[in-house]
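# Working through the structure, step by step
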Amino acid sequence: MKHTLLCVFISFVSMNTIMAQMPHDQIYMNKNIACGALMYGNSSWTNYWENSLKRDNPNIGKLSTESLSAMIAYGITKKINALVMVPYVKTQASQGNLMGQQGFQDVSLWLKAQVFNYKQLHGHATLGLSTPMSNYVTEFMPMSIGLGAKTFSARAILHYDLPSNLFISATSSYIVRSQVMVDRDSYLNGEKLVNSGSVVVPNAFDAMFRLGYIKKENQLEVFAEHFSCAGGDNIRRNSMPFLTNDMTMTAVGAYAKYQPKSIGVSAKVSYVLDGQNAGQSTNVTVGLLYLFKVK
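Calculation criteria
Residues numbered from 1 in each chain as written. Predicted model: local features only at pLDDT ≥ 70, side-chain atom pairs only at ≥ 80, totals over all residues. Heavy atoms only, no water. Helix = DSSP H or I, 4+ residues; strand = E, 2+ residues; numbered from the N terminus. Rg over C-alpha atoms; globule rule 2.2 N^0.38 Å. Buried < 20%, exposed > 50% of the residue type's maximum accessible area, 1.4 Å probe, protein only. Contact = heavy atoms within 4.5 Å. Areas by Shrake-Rupley, 256 points an atom, 1.4 Å probe, with all protein chains shown as cover. Lys, Arg positive; Asp, Glu negative; His and termini not counted. Charge placed at Lys NZ, Arg CZ, Asp CG, Glu CD. Core = buried A, V, L, I, M, F, W, Y, C linked by side-chain atoms within 4.5 Å. Salt bridge = Lys/Arg side-chain N within 4 Å of Asp/Glu carboxyl O. Polar contact = N/O pair within 3.5 Å; in protein donor to acceptor, adjacent residues only side chain to side chain. Phe/Tyr/Trp six-rings, centres within 6.5 Å; stacked < 30°, edge-to-face > 60°. Lys NZ or Arg CZ within 6 Å of the ring centre and 35° of its normal. Pairing = 2+ DSSP bridges.

As annotated in an unreviewed UniProt entry, the chain is Transporter from Aquirufa aurantiipilula.

Next up, the structure:
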């Protein structure tokens, strides 16, 4: 329900090229170079899709999700990098009596490696793991701060360099999710009553296309991304969302970074154009970056 869970944004910098680094891009830091980042994100929506019906909800009004994430990237080698993220998330509704939630969400680890390099075409792969950091309430959606599932993800990245410092990039990933224990004896999965407190959270996949410009300390790009669950059910009429829902979103956005020396800044904005069982959210993220060498 909250686009924040799907649009986790990571920015780091490289020692030589001084560029941003994310799990879905082609940029690497050199060996023994690390970068810390502090990111603030805000995601909000008033309208959402209940199944395919677009509506608002006076019991929620405007739902806002704020996040503060600490991140670090490290160059194991020139072609293998590790990235770690720890987010603190807070939710709040502008109307009604639903209490907002806050706490540490899920710690995530990615390993990114260059697979091949042929002229202007480059291939990369990213493997990721995440697990909840705290015992937050998962079934109190849309106020819960996360899904509570352990995940494993695999991502493929194709990057092509164009003239004049331009590039295009396409990525796709598949996310495997564990089951989640909830504080109830049964739940509905579609039309089926499941007499268990163990909820099957559907797996998911996403894809992204990026067109950008990189030169020295500057980086600009526009992107389109799509996220969808591999199965799942729909939000019932006038009911709350649940962990079994098939969330689908298509969004567009832009990213910018300025990194003249060791300290840099970045910003990202995106907007959900279409979806199902999800909010039509506007998402803004700003970051402060710091580069250093590990002895």
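Turning next to the overall build of the chain. Broken down by element type, the chain carries zero helices and 19 strands. What you see for the chain is a C-alpha radius of gyration of 19 Å, in line with the 19 Å of a compact globule of 295 residues. Considering only C-alpha atoms, the chain reaches an extent of 55 × 35 × 30 Å along its principal axes. Relative to its 295 residues, the chain shows a buried fraction of 49%. Of the contacts formed within the chain by residues at least 6 apart in sequence, a portion of 64% connects residues at least 24 apart. Within the structure as shown, the chain displays about 13,900 Å² of accessible surface, and the carbon and sulfur contribution to it stands at 59%. Each charge class in the chain can be summarised by its mean position, and for the 25 positive and 17 negative side chains these summaries are 12 Å apart.

With that settled, the discussion passes to the environment of Ala34. Along the polypeptide, Ala34 turns up in strand 1 (residues 33–45). Looking at Ala34, the relative accessible area reads 2%, which means it is buried. Residues Ala34 and Phe292, spaced 258 residues apart in sequence, show a C-alpha to C-alpha distance of 5.5 Å. Those residues in contact with Ala34 that sit more than four places away from it in its chain are Met29, Ala73, Tyr74, Tyr290, Leu291, Phe292 and Val294.

Let us now look at the nonpolar core. Within the largest apolar cluster, 21 residues are counted, with the highest numbers of intra-cluster contacts made by Val180, Val199, Phe227, Leu243 and Met247. Elements with a minimum of two residues in this core: strand 16 (218–229) and strand 17 (248–258). The contact partners of Leu243, leaving out residues within four places of it in the chain, are Thr138, Met141, Leu147, Val180, Val182, Val199, Val201 and Pro202. Counting residues in hydrophobic clusters, the runner-up holds 12 residues, among them Ile33, Cys35, Leu83 and Leu289.

What follows concerns the pattern of salt bridges. Within the structure shown, the criterion is met by five salt bridges. Among the salt bridges present, the one from Arg155 reaches Asp206, with a minimum N-O distance of 3.3 Å. Separated by 51 residues along the polypeptide, Arg155 in strand 9 (residues 151–161) and Asp206 in strand 15 (residues 204–215) bring together distant segments of the chain. In this structure, Arg155 and Asp206 share a single accessibility class: buried.

For the rest of this paragraph, the subject is the side chain of Gln219. Mapped onto the elements, Gln219 comes out in strand 16. A residue is classified by how much of its surface remains accessible, and Gln219, at 1% relative accessible area, is buried. There is a polar contact of 3.3 Å between the side chain of Gln219 and the side chain of Glu221.

Another aspect to go through is the packing of aromatic side chains. Throughout the structure, instances matching the rule amount to four aromatic pairs. Between Tyr88 and Phe104, the ring centres sit 5.1 Å apart and the planes meet at 85°, which makes this aromatic pair edge-to-face. With Tyr88 in strand 5 (residues 80–93) and Phe104 in strand 6 (residues 102–104), the pair connects residues that are 16 residues apart, well separated along the chain. Here the guanidinium or amino end of Lys112 rests over the ring plane of Tyr28, the centre of that ring lying 5.0 Å away.

Further remarks concern the environment of Tyr118. Structurally, Tyr118 is set in strand 7 (residues 106–118). Using a relative accessible area of 54% as the deciding quantity, one classes Tyr118 as exposed. Remark: the alpha-carbon pair of Tyr118 and Ile168, spanning 50 residues in sequence, is separated by 15 Å.

Further remarks concern the side chain of Thr248. You can see Thr248 is positioned in strand 17. For Thr248, the side chain forms a polar contact with the side chain of Ser228, separated by 3.3 Å.

Here we take up the pairing of strand 15. Alternating positions in strand 15 separate cleanly, Ala204, Asp206, Met208, Arg210, Gly212 and Ile214 being buried on one face and Phe205, Ala207, Phe209, Leu211, Tyr213 and Lys215 remaining unburied on the opposite face. Of the pairings in the sheet, the one linking strand 10 (residues 166–177) to strand 15 comprises 10 bridges and is antiparallel in character. The partner of Leu166 across the bridge, within strand 15, is Tyr213. The sheet contact formed by strand 15 and strand 16 spans 12 bridges and is antiparallel.

Going from Met141 to Pro142, the amide bond is cis rather than trans, its omega being 10°. With a phi angle near 55°, Lys216 is a residue other than glycine that sits in the positive phi range. Using a relative accessible area of 62% as the deciding quantity, one classes Lys216 as exposed. One non-glycine residue, Asn277, lies in the positive phi region at around 55°.

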